[in-house]
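Summary of structural features
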Amino acid sequence: AFSAPQPTVTAKSDLAIVGCGVLGTSLCKQLLSSSAFASRTVVGITKSTSRHDDIRGQVLGNADDGKDNERFVVMTMEEVLSQY
């Protein structure tokens, strides 16, 4: 029987939230504030850039320490696909 190798998930794996609208934005905020995901980068994926500033503001709020700024990115699906 053929057995495909299972992907390896590490503590530093990135998380992608496809469709970063109202629910996706809330989920990004929860993931960033959770200690269970402290070492992960969260990528919010949208169709267009029209709400990126608003999404960053909602997710990061007034994060002055810059820690979450390094862990959260908003990109369009086109931008994500062009990297791979």
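Not measured: the values here are computed from a predicted model. (Residues numbered from 1 in each chain as written. Predicted model: local features only at pLDDT ≥ 70, side-chain atom pairs only at ≥ 80, totals over all residues. Heavy atoms only, no water.)

1. Re the overall build of the protein chain
To keep it simple, the criterion reads: The helix count covers DSSP runs of H or I at least four residues long, the strand count covers runs of E at least two residues long, and both are numbered beginning at the N terminus. Per-residue and other accessible areas were derived by the Shrake-Rupley procedure at a 1.4 Å probe size, with only the shown protein chains allowed to occlude residues.
Looking only at helices and strands, the protein chain has four helices and three strands in total. The linear arrangement of helices and strands in the protein chain, starting from the amino end, is β-α-β-α-α-β-α. With the model as given, the accessible surface of the protein chain reaches about 6000 Å², and the carbon-plus-sulfur share is 54%.

2. What about the confidence of the model for the protein chain?
Spelled out, the test is: Values of pLDDT, ranging from 0 to 100, describe the predictor's confidence in every residue of the model. In this description, contact between two residues means that some pair of their heavy atoms is separated by no more than 4.5 Å.
Per-residue pLDDT for the protein chain averages 84, and the proportion of residues at 70 or more is 80%. The model gives residues 6–11 a pLDDT under 50, and that stretch makes four contacts with residues more than four places away or in other chains.

3. As for helix H1 (residues 22–33)
Where we set the bar: Expected span of a helix, by definition, is 1.5 Å for each gap between consecutive residues, and there is one gap fewer than residues.
In this model H1 runs 17 Å from its N-terminal to its C-terminal C-alpha over 12 residues, within 8% of the 16 Å that 1.5 Å per residue would give. Buried residues in H1 make contact with strand S1 (15–18), strand S2 (42–46), helix H2 (52–60), helix H3 (67–71) and strand S3 (72–76).

4. Brief notes about the side chain of Thr 76
Quick reminder of the rule: Buried residues are those whose accessible area, probed at 1.4 Å on protein chains only, stays under 20% of the maximum for their type, while exposed residues exceed 50% and partly exposed ones sit between those limits.
Checked against the element boundaries, Thr 76 lands in strand S3. Classification of Thr 76 by relative accessible area gives buried; the value is 9%. Excluding anything up to four places from it in sequence, Thr 76 contacts Ile 45, Thr 46, Lys 47, Ser 48, Thr 49 and His 52.

5. A few points about the pairing of S2
Taken residue by residue, a regular strand's side chains alternate between the two faces of the sheet. To be explicit about the condition: Strands are treated as partners if at least two bridges between them are detected by DSSP. Place the viewer so that the strands point away; then a crossover is right-handed whenever the path from the first strand over the helix to the second strand goes clockwise.
The buried count for S2 comes to five of five residues, which makes it a mostly enclosed element. Burial along S2 is two-sided: Val 42, Gly 44 and Thr 46 facing one way and Val 43 and Ile 45 facing the other are all buried. As defined by bridge partners, S1 adjoins S2 across four bridges and the pair is classed as parallel. Paired with Ala 16 across the strands is Val 43, a residue of S2. Since S1 and S2 lie parallel, the crossover through H1 that links them has a hand, and here it is right-handed. Of the pairings in the sheet, the one linking S2 to S3 comprises five bridges and is parallel in character.

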